[in-house]
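# Commentary on secondary and tertiary structure
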Amino acid sequence: MKKALTILLVLAVIAVMPLAAADRRGTSEEGAFGIGLNLGTNNGVGLKFGMGDFDIIANVGLNILRLNTGLSLGGDVGFQYEVYDIQIDGPHHMPVTVGLLVPMGFFFGNSFAMSLGIQAMAGLEYQIPDVPVLFYLRVGLGVDLNIGDWPNRNFVDFSGSGALGVMYTF
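Residues numbered from 1 in each chain as written. Predicted model: local features only at pLDDT ≥ 70, side-chain atom pairs only at ≥ 80, totals over all residues. Heavy atoms only, no water.

## Remarks on a nonpolar patch on the surface
Just so we agree on the cut-off: For patch detection, residues must exceed 30% relative accessible area and be free of salt bridges, and they are connected within 9 Å for like charges or within 5 Å for nonpolar side chains (Val, Leu, Ile, Met, Phe, Trp, Tyr). Accessible surface area values rest on a Shrake-Rupley calculation with a 1.4 Å probe, where residue burial reflects the displayed protein chains alone. Any carboxyl oxygen of Asp or Glu within 4 Å of a side-chain nitrogen of Lys or Arg constitutes a salt bridge here. Comment: elements are numbered from the N terminus, with helices defined as DSSP H or I runs of at least four residues and strands as E runs of at least two. Only protein chains enter the accessibility calculation, which uses a 1.4 Å probe; a residue whose area is less than 20% of its type maximum is buried, one above 50% is exposed, and one in between is partly exposed.
Taken together, the side chains of Leu37, Leu39, Leu137, Val139 and Leu164 define a hydrophobic patch exposed on the protein surface, amounting to about 450 Å² of accessible area. At the level of elements, β1 (33-40) and β7 (133-148) are the ones that each hand at least two residues to the nonpolar patch. Looking at the secondary structure, you find Leu37 in strand β1. Given the relative accessible area of 46%, Leu37 is considered partly exposed.

## Remarks on the side chain of Asn146
To keep things clear, this is the line we draw: Two N or O atoms form a polar contact when they lie within 3.5 Å of each other; inside protein one atom must be a possible hydrogen donor and the other a possible acceptor, and for residues adjacent in sequence the pair counts only when both atoms belong to side chains. Contacts are residue-level and defined by heavy atoms, with any inter-residue pair within 4.5 Å sufficient.
Tracing the sequence through the fold places Asn146 in strand β7. Taking the relative accessible area as the measure of exposure, Asn146 reaches 5% and is therefore buried. A polar side-chain atom of Asn146 sits 2.7 Å from the main-chain carbonyl oxygen of Asn154. Setting aside residues no more than four positions away along its own chain, Asn146 makes contact with Met114, Ser115, Arg153, Asn154, Phe155 and Asp157.

## Details of the layout of surface pockets
Test applied: A cavity here means a set of 1 Å grid points, computed over protein atoms only, where a 1.4 Å probe fits but cannot escape. A pocket is an open set with protein on both sides within 12 Å along at least 5 of 7 lines, and lining residues have an atom within 4 Å of a point. Grid points are joined across faces, edges and corners, and a volume is the space filled by probe spheres set on the points. When residue character is reported, Ala, Val, Leu, Ile, Met, Phe, Trp, Tyr, Cys and Pro are called nonpolar, Asp, Glu, Lys and Arg charged, and the others, Gly included, polar.
Roughly 300 Å³ of volume is contained in the largest pocket. Thr27, Ser28, Glu29, Gln127 and Thr169 are the residues nearest the centre of the largest pocket, which is lined by 14 residues in total. Mapped by element, the contributors of at least two residues to the lining of the largest pocket are β1, β5 (92-108) and β6 (112-127). For the lining of the largest pocket, a count of residues per class yields five nonpolar, six polar and three charged.

## Details of the sheet that holds strand β4 (residues 71-89)
Short version of the rule: Any two strands between which DSSP finds at least two bridges are classified as paired. Angles run from 0 to 180 degrees between N-to-C directions of axes, and those axes are lines fitted to C-alpha atoms, restricted for helices to the stretch in contact.
With antiparallel pairing, eight strands are arranged side by side around a closed barrel as β1-β2-β3-β4-β5-β6-β7-β8. Each neighbouring strand pair of the sheet contributes to a mean axis angle of 25°, computed without reference to strand direction. When β4 meets β5, the two strands line up antiparallel, connected through 17 bridges. Each residue of the ladder has a partner; that of Val77, found in β5, is Val102.

See below:
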């Protein structure tokens, strides 16, 4: 099982690494900032920072997948590149993004536990023309390392995440 997870992780990194070498760009202009509501694996605050060549994304909130066994907080940080732009009509378009995500989890129940992982991520964004409001959808798959006494978790596990959000951009 551990060999299969290691192979999956290596394949995910190999799949995303060419993006770092390619002439890619982020969906936001350099210096742009966004903050909003993130719903999904972590319900809370979503953030986005435009770096020009790529975007840094993050979110912090309650990890709803693990709340049934105690208080679980989660946070994700990662980067994304635009790989395709779906033109709809006129100024309307939807960038398709890919990148890497590092999910972190902290569990407070009968004991303390934490997890750290890596995921290959894909997303879709829509910015309303002439309005600083951005909608996004992101999904990720990868592996987690679980440290401590997680209920029903192995040391190494497959992981997934999803997010649907809206943010105000500056």
